[in-house]
Amino acid sequence: MTQSFFQTFILLLLVTDPFGNVPLFVTALKDVAPARRPRIVVRECAIAFLLLLLFMFFGRHFLAALQLTDISLRIGGSVILLIIAIRMIFPHPDGVLGRSEGGEPFIVPLAIPALAGPSALATVLLFTSGSIEEVLVHVAALAAVAAVWLVVFLGAERLQNLLGTHVMTAFERLMGLILTAMSIEMLLGGVRAFVKTL
């Protein structure tokens, strides 16, 4: 059981990539009052956790009811990530996430697709079958990963202060370039999967 827990934990940690999402969180929250930032981080992490938990139990039924496949989920998420990546590389007057009321991100893009993205949703779909014991292990692993999210993103501002504005700006653009490649790879993976169904 311990091995299964750590395998699930590492897998979910890799697909949600909290460390790679630090620049996105810092950019999204830079126009928000410092006192509000921890609450937003907790809220967005909680939303992502609940969504992944719901998808773990009801994901296949939800997609079937809407006549959607995980392929369309992957392609749609890749397009959103690509738009965000382009705004990270080429700054926009409205910021990376576009203009939002009060300057606060809500659900998109921090909870979705940054944390609960297509790859994470597709991954938790694999955990829908199994014994009650296995399901409990998967839920515990997801909760542990959510705790890592909180630690990483609550410390994101300190990391920014430590490295400085110029370094974080350069890092943000570098991550934008990497995110572009990831979104294209996700898109191509979705297209390849779709072609195999023809």
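Per-chain numbering applies: the sequence of each chain, read as written, is numbered from 1 onward. Only residues with pLDDT of at least 70 get local features here, since the model is predicted, and only at 80 or more are side-chain atom pairs given and counted; chain-wide, interface and lining totals rely on the full set of residues. Remark: hydrogens and water are excluded; side-chain values derive from all non-hydrogen atoms of the structure.

In the nomenclature of an unreviewed UniProt entry, the protein is known as UPF0056 membrane protein of Massilia pinisoli. UniProt positions are given in the numbering used here, feature names are shortened, and annotations may be inferred rather than shown by experiment. What UniProt records for the protein under Subcellular location (unreviewed entry) is the sentence "Cell membrane". In UniProt, the protein has this text filed under Sequence similarities (unreviewed entry): "Belongs to the UPF0056 (MarC) family."

In what follows, salt bridge is the name for a side-chain nitrogen of Lys or Arg lying within 4 Å of a carboxyl oxygen of Asp or Glu. Applying the stated criterion across every chain, the model contains two salt bridges. With its nearest N and O atoms 3.1 Å apart, the salt bridge here joins R43 to E44. A 1.4 Å probe rolled over the protein chains alone gives each residue an accessible area, and that area as a share of the maximum for its type sets the label: buried under 20%, exposed over 50%, partly exposed in between. We classify E44 as buried; its relative accessible area is 0%.

Below, the discussion takes up the nonpolar core. Counting residues in hydrophobic clusters, the biggest one holds 45 residues, and the most contacted among them are L52, L115, V124, L142, W149 and F153. Elements with a minimum of two residues in this core: helix 1 (2–16), helix 2 (22–29), helix 3 (37–65), helix 4 (70–89), helix 5 (110–115), helix 6 (118–125), helix 7 (132–154) and helix 9 (165–197). Examining the composition of this core, we find that ten residues originate from one element, helix 3, more than from any other. Here, nonpolar core refers to any group of buried Ala, Val, Leu, Ile, Met, Phe, Trp, Tyr and Cys residues whose side-chain atoms link them within 4.5 Å. Secondary structure is summarised from DSSP: a helix means a run of H or I of at least four residues, a strand means a run of E of at least two, and numbering begins at the N terminus for each.

For the rest of this paragraph, the subject is unusual backbone geometry. Phi at D17 takes a positive value of approximately 45 degrees, unusual for a residue other than glycine. With respect to the helices and strands, the residue D17 is situated in the loop between helix 1 and helix 2. Using a relative accessible area of 28% as the deciding quantity, one classes D17 as partly exposed. We note that Q67 has phi near 55 degrees; this positive angle belongs to a residue other than glycine. With respect to the secondary-structure elements, Q67 resides in the loop between helix 3 and helix 4. We classify Q67 as exposed; its relative accessible area is 73%.

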